[in-house]
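Structural features, examined
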Amino acid sequence: MGSWRVWRTILIIVVILGGLFYAADWFAVRVVEDRAADKARTSEGLDHKPSLSIDHFPRPFLTQVLFGKIKHVSIKAEDVNAGGGRQEVRITTFTADLYDVKLSDSFSKATADRATGDAFVSYDDLSKSAPPGVKVSAAPPAADGSARVKLSASLPGMGGDLSVFSRVEVSGQKITMHAESMPKEITALGLEKSVRKQIDFDANLTHLPHGITLTKAVGTSTGMDIKAAGQNVELVSG
């Protein structure tokens, strides 16, 4: 009986300590998530605080910190402001998953080995970043499946209203709209180059994490779903 009581006491102590460690781990995760979100908002100049979630299963967060690497972090930001330039476009929502996040500089810097993400940009917001008088709206994809939009514009002195399909290409943190072709009446007058200067444009997605690049655009009924990925992506820095 005496031996059983000893082992029972040890078991109770282990359970209590395990519960305390779990509670401490949970509390530490919440504090770090909140502070990292605040720092991301400040460093990226966001109007709203993003949400941030650290995966602490099956390996506890405090153990991950001890080894200087967090397995998985997910972030979500909404209503990411466009900034000051006309070519900068507002992002409705941005989500990202960051993997193998290294902690350095006394935990003031976090860099992910790799990351994937999605940014949604509405046609209304694309229209606001377009040249004056140009409206962006939904269009069916091209024959090869690539994304397109419809560009509509009023061009005084060039035959009135114009509507064309435009290819959507992405690179870096930029979306490019380039009309596939011009109406015959425009090309016949030798005005294609002049018209393109008025309707083709780039839209920059600012405030994304450093190291994230856009990889693919997918059209929807209300906007563009932009896929993103990257390596050595900075979640927070300095």
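Computed from a prediction, not measured in an experiment: that's the story for all the values here.

Notes on the pattern of salt bridges
- In the structure shown here, the tally under the stated rule is 14 salt bridges.
- The partner of R90 in a salt bridge is D79, with the nearest N and O atoms 2.5 Å apart. With R90 in the loop between β2 (69-80) and β3 (91-104) and D79 in strand β2, this residue pair connects regions lying 11 residues apart in the sequence.
- For R90, a relative accessible area of 28% puts it in the partly exposed group.
- Owing to a relative accessible area of 28%, D79 belongs among the partly exposed residues under this scheme.

Here we look at the environment of I91
- Here I91 shows up in strand β3.
- With 115 residues separating them along the chain, I91 and T206 place their C-alpha atoms 8.7 Å apart.
- In this view, I91 contacts E78, D79, V80, A119, F120, L205, T206 and L208; residues no more than four positions away in its chain are not counted.

Re helix α5 (residues 192-199)
- Buried within α5 are the following residues: V195, R196 and I199. For α5, the buried positions fall inside an angular range of 105° around the axis, keeping them on one side. With respect to the buried face of α5, the exposed residues turned more than 90 degrees away are K193 and K197.

Remarks on the pairing of strand β1 (residues 51-54)
- Judged by which residues are buried, β1 turns out to be one-sided: L52 and I54 face inward and are buried, whereas S51 and S53, on the alternate face, are not.
- By the bridge criterion, 4 bridges tie β1 to β2 in an arrangement that is antiparallel. Bridge pairing in β2 links S53 to S74.

Looking at the packing of aromatic side chains
- According to the stated counting rule, one finds 0 aromatic pairs in the structure shown.
- A cation sits over an aromatic face here: R114 above Y99, 4.2 Å from the ring centre.
- The cationic tip of R148 hangs over the ring face of F165; the distance from NZ or CZ to the ring centre is 4.3 Å.

Cut-offs applied
Residues numbered from 1 in each chain as written. Predicted model: local features only at pLDDT ≥ 70, side-chain atom pairs only at ≥ 80, totals over all residues. Heavy atoms only, no water. Salt bridge = Lys/Arg side-chain N within 4 Å of Asp/Glu carboxyl O. Helix = DSSP H or I, 4+ residues; strand = E, 2+ residues; numbered from the N terminus. Buried < 20%, exposed > 50% of the residue type's maximum accessible area, 1.4 Å probe, protein only. Contact = heavy atoms within 4.5 Å. Arc of directions from axis to C-beta. Pairing = 2+ DSSP bridges. Phe/Tyr/Trp six-rings, centres within 6.5 Å; stacked < 30°, edge-to-face > 60°. Lys NZ or Arg CZ within 6 Å of the ring centre and 35° of its normal.

Everything listed is a geometric property; what it means functionally is a separate question.
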